[in-house]
Amino acid sequence: MAFLFRWLVRLASAAIALSVLAALIVYYLGSRSLPDYDKTLAVGGITADVEIVRDNSNVPHILASSDRDAFFGLGYAHAQDRLWQMTLLRRTAQGRLSEVFGARTAETDKLLRRLDLYPLAVQSVASQDAFTLDALEAYSAGVNARIAEINADSLGRGAPEFFLFGAPLSPWQPADSIAIVKLMALQLAGHLQDEVLRARTSLQLPDPSRLPDLLPDIPGQGVAALPDYASLFPQAPRYAATAPAPQFLWPVPQRGLAGASNAWAAAPSRSANGGTLLANDPHLGFTAPSTWYLARLQLSTGGVIGGSIPGIPALMVGRSEKLGWGLTSSYLDDQDLFIEELNPDNPEEYRTPDGWKRFVTRKSIIEIKDQAPITVTLRWTDNGPVLPGTRFDLAAITPPGHVAALSWTALSPRDSSISAAIGLMRAGGVEEALTAAEAYVAPAQNLTLIDADTIGMKLVGAMPRRDAGHQSQGRLPAPGWIATNRWQGVLPYSANPEFIAPSGGIVGNTNNKIVDRPFPLHVSFEWGDSQRVMRWQGLMQGREVHTRDSFIEGQLDTVSVAARALLPLIGADLWFTGEAAPEGTPERQRQRALELLANWNGEMNEHLPEPLLYAAWLRALQDRLIRDDLGPLADEFDHVEPLFIERVYRDVDGAGAWCDIRQSAAVETCTDLARLALDDALVWIGETYGTALESLRWGDAHQATHDHEVLGEVPVLRYFVNIRQSTSGGDHTLQRGRTSGRDPHPFLNVHGAGYRGVYDFADPDSSVFISATGQSGHFLSRHYDDLGQLWRRGEYIPMSLDVDLARAAAVGVTRLVSE
């Protein structure tokens with residue numbers, strides 16, 4: 001027995017030793033790719049020495065004697081910290097993920113090949129201005145200098161992920177950066193999905209006249225009556241099954257997560273210090289590392305500092321010595337879906353206003369790791385690329401003998417958007433910035449600007465020119481063979497809405513409706529916000545003058561106007577009306593919940609129980625209202641629409657009819673459904689978080705999910721690469737924390753402000769900014785998540801152009817010297 005015990009101890013000790021040794025080897029190999037920020041490196045491609053001073057937050061301050069060398073330095077810094085992220089973005093845009101990840105990304109590659117984004121980016125290189133071409137080439141040379149250094153010095157292939165997946169690393173090219181801009185346009189586009197959902201809902205509803213309740217227009221000028229989808233395509237399937245979208249590295253966000261943001265500016269007359277102010281927090285899907293990378297460049301026109309996206313040689317948001325700029329999603333309707341009729345005698349032809357015409361076709365081969373390659377036949381009509389019925393639920397709305405094609409401004413072979421972004425960095429004021437921004441094509445954004453004296457906002461990006469006779473006004477898929485439905489080019493830049501030096505001294509956008517113009521100059525029928533804007537208006541007009549700190553308070557505000565408006569409506573007949581109920585009964589639990597909510601001010605604070613009670617109640621209520629009418633399609637409405645709930649409970653145009661369950665004999669009232677939905681919510685909360693309502697925390701359900709896109713679901717490893725944080729805010733607060741809407745964790749915070757910045761031109765060096773994770777993309781680096789806690793607490797870091805301040809506590813200085 002003793003002999004056996006000794007050998008068991010020896011085997012256990014050996015296993016432990018081998019495990020420790022394996023862990024040390026893995027750490028050694030992984031740490032080889034940690035960048036050394038304090039060094040001197042000889043490189044080719046620069047005209048003079050470049051100095052990259054990394055301040056104590058690891059923000060690189062790139063100091064160069066020429067603009068070309070500054071962009072070289074930015075490329076080198078991006079590749080030092082985010083080479084894997086850049087490579088992943090490039091492969092996604094190219095439709096080449098399956099070469100690394102195998103068959104699970106084949107659908108993503110098929111989509112990107114059909115959209116043809118990378119070839120369009122290659123063609124767009126020739127459309128850039130001379131300065132931008134030089135910047136693109138210099139940036140590419142900087143990235144390639146880092147790749148050459150990695151190969152020469154065996155620096156762990158540049159990132160741990162390259163060890164795990166063995167992705168070959170090709171040199172960076174100017175078209176790669178343009179392709180990433182186009183990929184960002186895809187991630188910010190949502191009108192295709194909105195059109196499909198509107199069509200599916202129109203086909204499914206027993207009473208199509210109820211469609212404006214569930215998919216309401218933002219209050220404003222009314223819209224002329226539109227045909228229901230069945231009248232456009234009588235043969236469209238009404239109850240077709242749909243395929244779920246791929247999850248792994250699928251580049252198209254689910255509906256409601258395509259893009260958001262806040263930005264507002266104050267003129268000197270509304271500023272306590274007499275200078276202009278600007279606050280901006282663009283919202284994107286959360287990832288680790290963050291989409292954003294903070295940087296400062298010294299250009300011939302002066303210093304610029306702000307947020308960049310690795311792979312793109314521009315500060316997309318930020319400030320220079322003379323200009324501040326911010327971006328918000330414009331919700332411009334820049335996509336239209338067309339249903340194309342196939343020739344029954346020749347399926348290689350489709351119908352046009354002038355008769356039958358052959359598809360433009362091309363075959364594309366997708367290489368798949370460890371499997372045989374697949375060949376995809378790409379097809380285009382005059383309206384755009386043909387999309388398969390298996391994606392975007394297109395099969396559910398496409399009649400037999402038809403296919404769907406997409407028109408989209410980002411499918412331009414002359415896309416000069418990156419020239420506009422680089423031009424903003426050099427602009428000397430609002431007027432020059434507006435001129436530079438004319439080159440924007442896609443994604444369309446609201447550009448908020450300040451200089452020393454002036455504030456302004458303008459929608460930038462190509463606006464499609466539609467015919468006033470368009471059958472669906474772009475809200476539903478339309479017949480592609482009718483001339484009045486087709487695009488007629490783009491509108492002139494002067495047609496884009498703008499607000500320059502407004503008399504009130506305040507301008508801003510929360511993705512709300514910005515103009516009330518009739519179709520076809522309407523900009524959009526789908527807007528991203530109807531609630532946050534009301535809170536923003538109250539905060540802006542509640543003060544005669546503003547400061548940097550009051551703008552920060554606005555960015556971090558967590559009061560839900562929607563909660564304040566909806567709770568009195570849905571609980572009108574429930575407050576304090578319950579009969580005495582013993583402890584432990586559902587009636588008693590309901591009374592406790594109502595007592596908590598009755599005394600709540602609508603603040604979506606992470607430490608309070610009321611936000612969770614409210615969110616779960618509204619979610620259960622909307623599901624009860626629509627489930628019997630829509631069936632499984634109700635799953636697509638996974639976020640609460642406040643305007644729908646308000647219309648129902650105010651019985652606007654008979655919307656109260658939603659409260660009656662069609663499949664039951666009884667006639668239910670809206671109060672009945674509110675009570676039943678509250679009970680549903682309390683049961684779910686009890687099963688998930690416990691029955692002690694006073695001890696609930698919104699932050700437990702509303703964790704920000706900064707997950708690694710590739711390694712985030714790998715057992716054990718996910719605890720090292722994912723960054724989870726308890727957060728305040730919600731779907732309809734200025735500090736927006738968009739929830740996932742999907743079971744089993746519907747309230748996870750998956751989309752929000754990965755970057756925040758506040759710029760004060762009365763004292764520019766007092767400006768501040770922050771990123772949601774950290775500068776490094778290497779999960780073994782201390783800079784992988786060091787900014788995350790500051791971001792969660794609503795804190796910022798200095799956004800100064802003072803080089804001495806950056807040097808004072810620098811974590812390293814890299815000197816690139818010419819070979």
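As the structure is a computational prediction, the values presented were derived from the model and not from experiment.

**Structural notes on the overall build of the protein chain**
Inference 1: On a plain count of helices and strands, the protein chain comes out with 24 helices and 29 strands.
Inference 2: Counting only C-alpha atoms and orienting by the principal axes, one finds that the protein chain spans roughly 85 × 85 × 75 Å.
Inference 3: When burial is assessed residue by residue, the protein chain has 61% of its 819 residues classed as buried.
Inference 4: The contacts of the protein chain with a sequence gap of at least 6 include a subset with a gap of at least 24, amounting to 72%.
Inference 5: Total accessible area computed for the protein chain in this model is approximately 31000 Å², and 53% of it derives from carbon and sulfur atoms.

**Notes on the pattern of salt bridges**
Pairing between side chains of opposite charge can happen when their charged atoms approach one another.
Inference 1: Overall, the coordinates contain 49 salt bridges when judged by the stated rule.
Inference 2: Here Arg146 ties to Glu149 by a salt bridge, and the two come within 3.1 Å at their closest N and O atoms. In this pair, Arg146 and Glu149 both sit in helix α6 (residues 130-153), 3 residues apart, roughly one turn of the helix.
Inference 3: On the basis of relative accessible area, Arg146 is assigned to the buried category, the value being 1%.
Inference 4: A salt bridge links Arg535 to Asp557, with the shortest nitrogen-to-oxygen separation between them at 2.9 Å. Residue Arg535 is found in helix α14 (residues 532-541), and its partner Asp557 is found in the loop between α15 (548-555) and α16 (561-570); the two are separated by 22 residues along the sequence.
Inference 5: What makes Asp557 buried here is its relative accessible area of 11%.
Inference 6: Salt bridges linked by common partners bring Arg210, Asp213, Arg647 and Asp653 together as one network.

**Some points on the pairing of strand β8 (residues 315-320)**
Inference 1: Burial of β8 is extensive: 6 of the 6 residues sit out of reach of the surface.
Inference 2: With 5 bridges joining them, strand β7 (residues 302-308) and β8 adopt antiparallel strand pairing. Opposite Ser308, over in β8, you have Leu315 as the bridge partner.
Inference 3: Both β8 and strand β9 (residues 324-329) contribute to a ladder of 2 bridges, which runs antiparallel. The residue of β9 that forms the bridge with Gly318 is Trp325.
Inference 4: Where β8 folds back on β9, the antiparallel hairpin that results is connected by 3 residues.

**Describing the confidence of the model for the protein chain**
Inference 1: For the protein chain, per-residue confidence averages 93 on the pLDDT scale, and residues scoring 70 or more make up 95% of the total.
Inference 2: Across residues 221-226, where pLDDT falls below 50, the model places 11 contacts with residues more than four positions away in sequence or in other chains.

**Digging into the environment of Thr375**
Inference 1: With respect to the element layout, Thr375 can be found in strand β14 (residues 374-381).
Inference 2: For the pair formed by Thr375 and Ile365, sequence separation is 10 residues and the distance between their alpha carbons is 4.4 Å.
Inference 3: Leave out the neighbours within four places in its chain, and Thr375 touches Lys363, Ser364 and Ile365.

**Side note on the nonpolar core**
Inference 1: Phe101, Leu297 and Trp408 are the most contacted members of the largest nonpolar core, which has 172 residues in total.
Inference 2: When residues in this core are grouped by element, the largest group, 13 residues, is from helix α2 (residues 67-94).
Inference 3: The contacts of Leu297, once residues within four sequence positions are left out, are Ile62, Ala70, Phe71, Leu74, Gly302, Gly303, Val304, Leu315 and Met425.
Inference 4: The next biggest cluster of nonpolar side chains, apart from the first, holds 55 residues, and it includes Leu205, Leu612, Leu625 and Cys659.

**A look at the pairing of β7**
Inference 1: Summarising burial for β7: 7 of the 7 residues are buried, a large majority.
Inference 2: Of the strand pairs in this sheet, strand β6 (residues 293-299) and β7 are connected by 7 bridges, and their pairing is antiparallel. By the bridge assignment for β7, Leu299 is matched with Gly302.
Inference 3: Connecting β6 to the antiparallel partner β7 that follows it, the hairpin turn spans 2 residues.
Inference 4: Taken together, β7 and the strand that follows it, β8, pair antiparallel across an intervening segment of 6 residues, in which Gly311 is found at a positive phi of about 105°.

**Let's talk about the state of the cysteines**
Inference 1: In the structure shown here, the tally under the stated rule is 1 disulfide.
Inference 2: The disulfide partner of Cys659 is Cys670, and the gap between their sulfur atoms is 2.0 Å. What sets the handedness of the Cys659 and Cys670 disulfide is the S-S torsion sign, and at about 95° it is right-handed. Here the residue Cys659 occupies a position in the loop between α19 (642-650) and α20 (670-689), and Cys670 occupies one in helix α20, the gap between them amounting to 11 residues. The burial state of Cys659 is the same as that of Cys670; both residues are buried.

**Some remarks on unusual backbone geometry**
Inference 1: The omega torsion of the bond from Ala442 to Pro443 falls at 0°, within 30 degrees of zero and hence cis.
Inference 2: Looking at the secondary structure, you find Pro443 in the loop between α13 (430-436) and β17 (445-450).
Inference 3: Cis peptide bonds are those with omega within 30 degrees of zero, and the linkage from Phe519 to Pro520 qualifies with 15°.
Inference 4: Here Pro520 lies in the loop between β21 (506-509) and α14.
Inference 5: Although it is not a glycine, Ser154 sits at a positive phi angle of roughly 55°.

**Observations regarding the side chain of Thr352**
Inference 1: Positionally, Thr352 belongs in strand β11 (residues 346-352).
Inference 2: A residue is classified by how much of its surface remains accessible, and Thr352, at 8% relative accessible area, is buried.
Inference 3: Here Gly355 takes part through its backbone oxygen, which lies 2.6 Å from a polar atom of the side chain of Thr352.
Inference 4: Excluding anything up to four places from it in sequence, Thr352 contacts Lys357, Asp382, Trp481 and Arg486.

**So, helix α12 (residues 417-426)**
Inference 1: Buried residues dominate α12, accounting for 9 of its 10 residues.
Inference 2: Those residues of α12 that fall on the buried side of the exposure criterion are Ser417, Ile418, Ser419, Ala420, Ala421, Ile422, Gly423, Leu424 and Met425.

**Some words on α15**
Inference 1: Residues of α15 that are buried include every one of Ser550, Phe551, Ile552, Gly554 and Gln555, and no others.
Inference 2: Elements that come into contact with the buried residues of α15 comprise β4 (260-266), β5 (277-285), α14, β26 (755-760) and β27 (768-771).

**Here's the deal with the packing of aromatic side chains**
Inference 1: Scanning the model with the defined rule gives 19 aromatic pairs in all.
Inference 2: Relative to Phe248, the ring of Phe101 has its centre 5.5 Å away and its plane inclined at 80°; by these criteria the two rings are edge-to-face. With a gap of 147 residues between them, Phe101 in helix α3 (residues 98-101) and Phe248 in the loop between α11 (229-232) and β4 connect regions that are remote in the sequence. The exposure classification of Phe101 matches that of Phe248, with both residues buried.
Inference 3: Taking the centre distance of 6.5 Å and the plane angle of 40° together, the rings of Trp264 and Trp536 count as tilted. Taken together, the residues Trp264 in strand β4 and Trp536 in helix α14 connect sequence positions 272 residues apart.
Inference 4: Each member of the aromatic cluster is reached from another via a ring pair, and the members are Trp84, Phe101, Phe162, Phe165 and Phe248.
Inference 5: The aromatic ring of Trp250 is capped on one face by Arg391, whose charged end is 5.6 Å from the ring centroid.

What counts and how
Residues numbered from 1 in each chain as written. Predicted model: local features only at pLDDT ≥ 70, side-chain atom pairs only at ≥ 80, totals over all residues. Heavy atoms only, no water. Helix = DSSP H or I, 4+ residues; strand = E, 2+ residues; numbered from the N terminus. Buried < 20%, exposed > 50% of the residue type's maximum accessible area, 1.4 Å probe, protein only. Contact = heavy atoms within 4.5 Å. Areas by Shrake-Rupley, 256 points an atom, 1.4 Å probe, with all protein chains shown as cover. Salt bridge = Lys/Arg side-chain N within 4 Å of Asp/Glu carboxyl O. Pairing = 2+ DSSP bridges. pLDDT = per-residue confidence, 0-100. Core = buried A, V, L, I, M, F, W, Y, C linked by side-chain atoms within 4.5 Å. Disulfide = S-S within 2.5 Å. Polar contact = N/O pair within 3.5 Å; in protein donor to acceptor, adjacent residues only side chain to side chain. Phe/Tyr/Trp six-rings, centres within 6.5 Å; stacked < 30°, edge-to-face > 60°. Lys NZ or Arg CZ within 6 Å of the ring centre and 35° of its normal.

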